[in-house]
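Examination of the molecular architecture
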Amino acid sequence: MIDFRQQAFDAYQAGDFGAAEAAYRKALAADPADIDSRMALGVVLRRLGRLDEALEMLERSVTEAPGDFRAYANYGLALQTARRLDDAVSAYRSAYRLEPRTIRQISVNLSALGTGMLFLDPRELEAFLGAE
C-alpha cells in the first residue's frame, strides 16, 4: 500500500507544495477521518497562497479535533496570514490553553507578518493569551 502521508511529508520537506497537496488529498481520499492529513493539507494550501481553501480545511480540523492544540495553532497562523488578527489571537489562545508549551511559537507568529505584537517578557504574553 502506498503511504501517501509519507509522500506528502517528503514533498513538503523538499518544498514541492504542489506534490504535497496532491499526496495529502490522496491520503484524505483513502481516509477522510485522517485529521493529521487534513491539518497538513491546510498548511500546504496556506503555503501555496490559497488562503480561503486553507482556512476552510483548518477550520474543519479545529471542528473535528477540538482538543488538538496543533489544529488551533495552524488555524491561527492561517488566520494571521489572512490578516484576521482578532480571530488569529482567539485561535492562538485556544492552542495555548490546550498546550502552554506552544507559547514560544505563538510569540514568533504574533511578532511576524507585521502584526505589531511583540512580547519581550514571556509573562506579558502568557497574560495576553490567558485573557478573554
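As the structure is a computational prediction, the values presented were derived from the model and not from experiment.

Next up on the list: the overall build of the protein. Helix and strand content of the protein: eight helices and zero strands. Reading the protein from its N end, one meets helices and strands in the order α-α-α-α-α-α-α-α. In the protein, which comprises 132 residues, the share counted as buried stands at 42%. Counting contacts in the protein only where the partners sit at least 6 residues apart, residues at least 24 apart contribute 43% of the total. Within the structure as shown, the protein displays about 7,400 Å² of accessible surface, and the carbon and sulfur contribution to it stands at 52%.

On to unusual backbone geometry. Backbone geometry at Arg83 places phi at a positive 65°, although glycine is not the residue there. Relative to the helices and strands, Arg83 resides in the loop between α5 (69-81) and α6 (85-98).

For helix α3 (residues 35-47), with 13 residues, the first-to-last C-alpha span of 18 Å sits near the 18 Å given by 1.5 Å per residue. Burial analysis of α3 places eleven of its 13 residues in the buried class, the great majority of the element. Along α3, the residues that are buried comprise Ile35, Ser37, Arg38, Met39, Ala40, Leu41, Gly42, Val43, Val44, Leu45 and Arg46. Along its buried surface, α3 packs onto α1 (4-13), α2 (17-30), α4 (51-64) and α5.

With respect to the helices and strands, the residue Asp87 is situated in helix α6. Counting along the chain gives eleven residues from Asp87 to Gly76, while the straight-line C-alpha distance between them is 7.3 Å.

In this section: the pattern of salt bridges. Applying the stated criterion across every chain, the model contains eleven salt bridges. In this structure, the salt-bridge partner of Arg50 is Glu53, at a minimum N-O distance of 2.7 Å. Note that Arg70 and Asp68 form a salt bridge whose closest N and O atoms lie 2.6 Å from each other. Connected via shared salt-bridge partners are Arg5, Asp34, Asp36, Asp68 and Arg70.

Let us now look at the environment of Ser61. Note that Ser61 resides in helix α4. A residue is classified by how much of its surface remains accessible, and Ser61, at 0% relative accessible area, is buried. For the pair Ser61 and Ala40, spaced 21 residues apart in sequence, the C-alpha separation works out to 9.7 Å. Among residues more than four places away in sequence, those in contact with Ser61 are Ile35, Arg38, Met39 and Ala71.

Here the focus is the confidence of the model for the protein. Keep in mind that low pLDDT regions are not for reading the predicted coordinates in detail. Scored by pLDDT, the protein comes out at a mean of 86, with 80% of its residues at no less than 70. Taking the mean pLDDT of every element in the protein, the minimum, 66, falls on helix α8 (residues 122-130) and the maximum, 96, on α4.

This brings us to the packing of α3 against α5. Following both chains from N to C, one finds α3 and α5 inclined at 15°, their axes separated by 10 Å at the closest point. Looking at the two axes, α3 sits roughly parallel to α5. In the packing of α3 onto α5, the handedness of the crossing is left-handed. Seen from α3, the contacting residues are Asp36, Met39, Val43 and Arg46; seen from α5, they are Arg70, Ala71, Asn74, Leu77, Ala78 and Thr81.

How each quantity is defined
- Residues numbered from 1 in each chain as written.
- Predicted model: local features only at pLDDT ≥ 70, side-chain atom pairs only at ≥ 80, totals over all residues.
- Heavy atoms only, no water.
- Helix = DSSP H or I, 4+ residues; strand = E, 2+ residues; numbered from the N terminus.
- Buried < 20%, exposed > 50% of the residue type's maximum accessible area, 1.4 Å probe, protein only.
- Contact = heavy atoms within 4.5 Å.
- Areas by Shrake-Rupley, 256 points an atom, 1.4 Å probe, with all protein chains shown as cover.
- Expected span 1.5 Å × (residues − 1).
- Salt bridge = Lys/Arg side-chain N within 4 Å of Asp/Glu carboxyl O.
- pLDDT = per-residue confidence, 0-100.
- Axes fitted to C-alpha atoms, helices over the stretch in contact; angles between N-to-C directions.
- Parallel < 35°, antiparallel > 145°, perpendicular 65-115°, else oblique.
- Left-handed = near helix turned anticlockwise from the far one by under 90°.

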